[in-house]
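A structural walkthrough
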Amino acid sequence: MKHTATNTKAAIPINSRVNDPQAALNARSGKVWLVGAGPGDAELLTVKALRAINSADIIFYDQLVSEEICALFPKNTPALYVGKVKNNHSIPQEDLNLLLVNQAQLGLNVCRIKGGDPFVFGRGGEELLALRRAGVEAEVIPGITSASGCSTYADIPLTHRGIAQGCTFVTGHAEKTLDVNWSALAQLNHTLVFYMGLTRAGDISANLLAGGLAADTPVAIIENGCRKDQRDIISDLKNFPEAVLREHVKSPALIIVGHVVSLKEQLQVEVWMQEAKRMTA
Ligand SMILES: C[S@@+](CC[C@H](N)C(=O)[O-])C[C@H]1O[C@@H](n2cnc3c(N)ncnc32)[C@H](O)[C@@H]1O
């Protein structure tokens, strides 16, 4: 459970300005900020994101907005949970789009805050389209996407000279069918980062192996990245689905496939070497 504010659909018309039709008629249209909260650590919020949080009349927040960030919401600003967890959407996307439009048309400045970056598997494009179609002023504030934040906190550079000259973000989940060209992905020689891939770990492994990627290609699974309880599990392409089960990995988690994962150990060894030098000096 996040923030102290109510989080049910029924509780949505909670602002007095929303409940006062005359005030609503008099009000000029408000603005909507689609804000990226980053992957969890509140210190990764941008200055602009924090300004939007503090200027809003009402906040709508997602499942992936960390408790640490929810704790920064001003006490007097209504904050409503509109998150989605697998098979449980607290409010359907179309209704949410409408809600944002309505709230702005009632004259409220709205902070719609999401985990990571709104434009990376965040449905920010759909919300922006609905707002623009309705003639509502809207601005997207980018956030650090989890691929970037989690890999950095895990000591895994997404690209590295001589190891990976590119990085590809892939979703492991699709509303209907997942349309991925697996053999092209396997041949890319890029670091591959899978969002929402936990329940598809077996398919990801099998499809990349079938596409020609070596079984011993290093894989990192990063759970709760950029949060106090971040867990990094290192495995390889053949064995990582088993590691996901054995370690009881929970969402949110990212799967990083590629030789850059081996740099984590090298970077850690350097830390140990420096510590050993200091202790013997
Ligand atoms: C619906 S997508 C949203 C991505 C988000 N817009 C972003 O830019 O990071 C949700 C997926 O992002 C990944 N994710 C988001 N935050 C994460 C975190 N703190 N640690 C690990 N994975 C995370 C997980 O794969 C999760 O299933």
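Scroll up to find the structure.
Note that the structure is predicted; figures quoted are calculated from it, not measured. (Residues numbered from 1 in each chain as written. Predicted model: local features only at pLDDT ≥ 70, side-chain atom pairs only at ≥ 80, totals over all residues. Heavy atoms only, no water.)

1. Quick look at the overall build of the protein chain
- Tallying secondary structure elements over the protein chain gives 11 helices and 12 strands in all.
- In the protein chain, which comprises 281 residues, the proportion classed as buried is 48%.
- Accessible surface for the protein chain amounts to roughly 14500 Å². Of this, 53% is attributable to carbon and sulfur atoms. (Helix = DSSP H or I, 4+ residues; strand = E, 2+ residues; numbered from the N terminus. Buried < 20%, exposed > 50% of the residue type's maximum accessible area, 1.4 Å probe, protein only. Areas by Shrake-Rupley, 256 points an atom, 1.4 Å probe, with all protein chains shown as cover.)

2. Section: helix H7 (residues 146-153)
- Those residues of H7 not exposed but buried are Ser146, Ala147, Gly149, Cys150 and Ser151.
- Remark: Asp155 follows H7 within two positions and exhibits a positive phi of approximately 65 degrees.

3. As for the packing of aromatic side chains
- Per the stated rule, a full pass over the model turns up 5 aromatic pairs.
- Here Trp182 and Phe194 contribute two aromatic rings whose centre-to-centre distance is 6.0 Å and whose plane-to-plane angle is 15 degrees, an arrangement assigned as stacked. Of this pair, Trp182 sits in helix H8 (residues 182-187) while Phe194 sits in strand E9 (residues 191-195), placing them 12 residues apart in sequence. Each member of the pair, Trp182 as well as Phe194, carries the same accessibility label: buried. (Phe/Tyr/Trp six-rings, centres within 6.5 Å; stacked < 30°, edge-to-face > 60°.)

4. What to know about the site of the ligand
- Not every one of the 19 residues close to the ligand is listed here, only the nearest: Val120, Thr145, Ser146, Gly225 and Ala253.
- Residue Met196 places a main-chain N or O atom 2.9 Å away from an oxygen atom belonging to the ligand.
- Backbone polar atom of Gly225 to a nitrogen atom of the ligand: 2.8 Å apart, as the coordinates give it.
- When residues of the shell around the ligand are traced back to their parent elements, those giving at least two are H7 and strand E12 (253-257).
- Its residues assigned to classes, the shell around the ligand comprises 11 nonpolar, 6 polar and 2 charged.
- Both domain 1 (23-144) and domain 2 (147-266) contribute no fewer than three residues apiece to the shell around the ligand. (Near = heavy atom within 4 Å. Polar contact = N/O pair within 3.5 Å; in protein donor to acceptor, adjacent residues only side chain to side chain. Nonpolar A, V, L, I, M, F, W, Y, C, P; charged D, E, K, R; others polar. Domains from an automatic or database assignment.)

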